[in-house]
Amino acid sequence: MGKGGKSHQEGEENMAAWLVDLNTLKIQPFKLPPLGPHDVRVRMKAVGICGSDVHFLKTLRLADFVVKEPMVIGHECAGIIEEIGSEVKNLVPGDRVALEPGIGCWRCDICKEGRYNICPDMKFFATPPIHGSLARQVVHPADLCFKLPDNLSLEEGAICEPLSVAVHACRRANIGPETNVLVMGAGPIGLVTLLAARAFRAPRIVIVDVDDYRLSVANNLGADGVVKVSTNMQDIPEEVERICEVMGAVGVHVTFDCAGFNKTMSTALSATRAGGKVCLVGLGHNEMTVPLTPAAAREVDIIGIFRYKNTWPLCIELLRSGKIDVKPLITHRFGFSQKEVEEAFETSARGGDAIKVMFNL
């Protein structure tokens, strides 16, 4: 995708939110690529802010991905089809769609095995050097655009992206009616993991965080128990004891670490019962010092979670059927002016009572 230029519609200039420097976003022209035979052009209507977007804004990097030149931000998105390629059969202009933001190569062995989320040549919205979707219009493969039923809003369609992380994690951990779940972190990913685990019929779900407000949100979303913790490593033994008390005698079968810090991972490994699983969902620290040997002696499995694969149809069905309601997660809404884009990212970065910050374009 190039920089600058006109869109296809009546010479209208396509504008996007560009990350141009540290802590600097600018709404500037964004030239769309030509529409391929299997592509669609989508007018964006709802785009959410993810923690990774904020991280790129604040540091210009995330893990090994470094922003080296201006990049359009955003990847949680939904919109309306405006134009379809000559070979597109399953969508028509006017369809409301949620977009899956990652394009695998489909040539490597990993893609051929169906695990395209870990394709080494993945092209993912707003992961350098690929441009994102906080724009008036984008061009995207039709097979990664999923039609929304009439009873779902475009905002709910955009939240299919973070919800997909949780659904993929629940699949990887084989969550079911005999699986007690502990969730470390009550941020947006921790909260959708709570919702997904409930939809996967986990009988008891306890969520842990340092923040009273986020724990109150978790309570309102149906957590069976909440535990407030500190950031102090020395508190882990006492906090693990409290977690186990709140969970009950059967214990924690699966823990989802949705933060990815030394303390959360150490707590997860200690709180999970022998023979259980710890799923590392959040990627807060690149390197961690954690008590692996005691966990190995209890045969606690550690499972890596990275994005998702083949999740949008299930996410849409869970939302359509009412088994999951993500609407309470949307706490702030903004338009698409320069001032509002800056305010929206400041609101998301500040945290506090901001869970999911959403743009309405």
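Throughout this document, residue positions are counted from 1 along each chain, in the order its sequence is written. Under the rules for a predicted model, residues below a pLDDT of 70 receive no local features and side-chain atom pairs below 80 are neither given nor counted, while totals for whole chains, interfaces and linings still include all residues. Remark: hydrogens and water are excluded; side-chain values derive from all non-hydrogen atoms of the structure.

## Focus on the side chain of Thr347
Here is step 1 of the chain: In this fold, Thr347 is placed in helix 10 (residues 338–350).
Here is step 2 of the chain: Once residues within four sequence positions are removed from consideration, Thr347 is found in contact with His332, Phe334, Ala354 and Val357. Secondary structure elements follow DSSP: runs of H or I no shorter than four residues count as helices, runs of E no shorter than two count as strands, and numbering proceeds from the N terminus. Here, residues are in contact when the closest pair of their heavy atoms is within 4.5 Å.

## Observations regarding the sheet that holds strand 1 (residues 15–21)
Here is step 1 of the chain: Strand order in the open sheet made by the three strands is 2-1-6, with antiparallel pairing throughout. Every interior strand has two partners, whereas the edge strands, strand 2 (24–29) and strand 6 (71–72), have only one.
Here is step 2 of the chain: The pairing criterion for strands is at least two bridges between them, as found by DSSP. The pairing of strand 1 with strand 6 spans two bridges and is classified as antiparallel. When the sheet's bridge partners are listed, Leu19 is paired in strand 6 with Met71.

## Things to note about the pairing of strand 3 (residues 39–48)
Here is step 1 of the chain: Most of strand 3 is tucked away, with nine of its 10 residues classed as buried.
Here is step 2 of the chain: Summarising the sheet, strand 3 and strand 11 (residues 137–141) pair through five bridges and their orientation is antiparallel. Across the sheet, the residue bridging to Arg41 is Val139, located in strand 11.
Here is step 3 of the chain: Where strand 3 lies against strand 7 (residues 76–84), eight bridges are found, and the strand directions are antiparallel. From the neighbouring strand, Arg43 faces strand 7, where its bridge partner is Ile80.
Here is step 4 of the chain: Across three bridges, strand 3 lies against strand 20 (residues 356–360) in antiparallel orientation. Looking at the pairing, Val47 lines up with Phe359 of strand 20. Think of it in three bands: residues with accessible area under 20% of the maximum for their type are buried, residues over 50% are exposed, and the middle band is partly exposed, with areas taken using a 1.4 Å probe on protein chains only.

## Focus: the packing of aromatic side chains
Here is step 1 of the chain: Each Phe, Tyr or Trp ring (for Trp, its six-membered ring) is paired with any other whose centre lies within 6.5 Å, and the angle between the two planes then decides the class: stacked below 30 degrees, edge-to-face above 60, tilted in between. Enumeration according to the criterion identifies six aromatic pairs in this entry.
Here is step 2 of the chain: Judged by centre distance (6.3 Å) and plane angle (20 degrees), the ring pair of Phe146 and Trp312 falls under stacked. Of this pair, Phe146 sits in strand 12 (residues 145–147) while Trp312 sits in helix 9 (residues 312–320), and the two are 166 residues apart along the sequence. The pair Phe146 / Trp312 is uniform in exposure class, with both members buried.

## Here's the deal with the packing of helix 4 (residues 188–199) against helix 5 (residues 212–220)
Here is step 1 of the chain: Packing of helix 4 against helix 5 leaves a shortest axis separation of 10 Å and a crossing angle of 20 degrees. Taken together, helix 4 and helix 5 sit at an angle that is classed as roughly parallel. In this structure, helix 4 meets helix 5 at a crossing whose hand is right-handed. Residues Pro188, Leu191 and Leu194 of helix 4 form the contact with helix 5, whose participating residues are Arg214, Val217 and Ala218.
Here is step 2 of the chain: Looking at side-chain class alone, the contact of helix 4 with helix 5 contains five nonpolar, no polar and one charged residues. Angles here are taken between N-to-C directions and fall from 0 to 180 degrees, while the axes themselves are lines fitted to C-alpha atoms, restricted in helices to the stretch in contact. Under this scheme an angle from 65 to 115 degrees is roughly perpendicular, one under 35 degrees roughly parallel, and one over 145 degrees roughly antiparallel; angles in between are oblique. For any helix crossing, the convention is left-handed if the near helix is rotated counterclockwise from the far helix by under a right angle, and right-handed if that rotation is clockwise. Nonpolar residues are Ala, Val, Leu, Ile, Met, Phe, Trp, Tyr, Cys and Pro. Charged residues are Asp, Glu, Lys and Arg, and all others, Gly as well, are polar.

## Considerations on the sheet that holds strand 14 (residues 205–209)
Here is step 1 of the chain: The six strands lie next to each other as 15-14-13-16-17-18, forming an open sheet whose pairing is parallel. The sheet terminates laterally at strand 15 (225–228) and strand 18 (301–304), the two strands that pair on one side only. Averaged over all pairs of adjacent strands, the angle between their axes in this sheet comes to 20 degrees, without regard to strand direction.
Here is step 2 of the chain: Direction of pairing for strand 14 relative to strand 15: parallel, over a ladder of four bridges. Across the sheet, residue Val208 finds its bridge partner in strand 15, namely Val227.
Here is step 3 of the chain: Sheet strands in contact with helix 4 are strand 13 (181–184), strand 14 and strand 16 (252–257), and its direction is about 175 degrees off that of strand 14.
Here is step 4 of the chain: Taken strand by strand, helix 7 (residues 262–271) contacts strand 13, strand 16, strand 17 (272–280) and strand 18, and its axis lies near 150 degrees from that of strand 17.

## Concerning the domain arrangement of the protein chain
Here is step 1 of the chain: These domain boundaries are the output of an automatic or database domain assignment. Its domain assignment divides the protein chain into domain 1 (15–147 + 326–360) and domain 2 (166–304).
Here is step 2 of the chain: Between the C-alpha centres of domain 1 and domain 2 the distance comes to 29 Å.
Here is step 3 of the chain: Each partner contributes to the interface: domain 1 provides 12 residues, whereas domain 2 provides nine residues.
Here is step 4 of the chain: Here the quantity called buried area is the accessible surface, traced with a 1.4 Å probe, that two parts lose on coming together, added over both. A buried area of about 820 Å², summed over both sides, lies between domain 1 and domain 2, and 66% of it is on carbon and sulfur atoms.
Here is step 5 of the chain: Area buried by domain 1 at its contact with domain 2 is led by Leu329, Gly352 and Ile355, which between them contribute 51% of it.
Here is step 6 of the chain: The salt bridge definition used is simple: a Lys or Arg side-chain nitrogen within 4 Å of an Asp or Glu carboxyl oxygen. The interface formed by domain 1 and domain 2 contains zero salt bridges.
Here is step 7 of the chain: For the purposes of these results, a polar contact is taken to be a pair of N or O atoms within 3.5 Å, where, inside protein, one atom must be able to donate a hydrogen and its partner to accept one; residues adjacent in sequence count only when each atom of the pair is a side-chain atom. The interface formed by domain 1 and domain 2 holds one residue pair in polar contact (both at pLDDT 80 or more) in total.
Here is step 8 of the chain: For the side of domain 1 that touches domain 2, the per-class residue count stands at five nonpolar, four polar and three charged.

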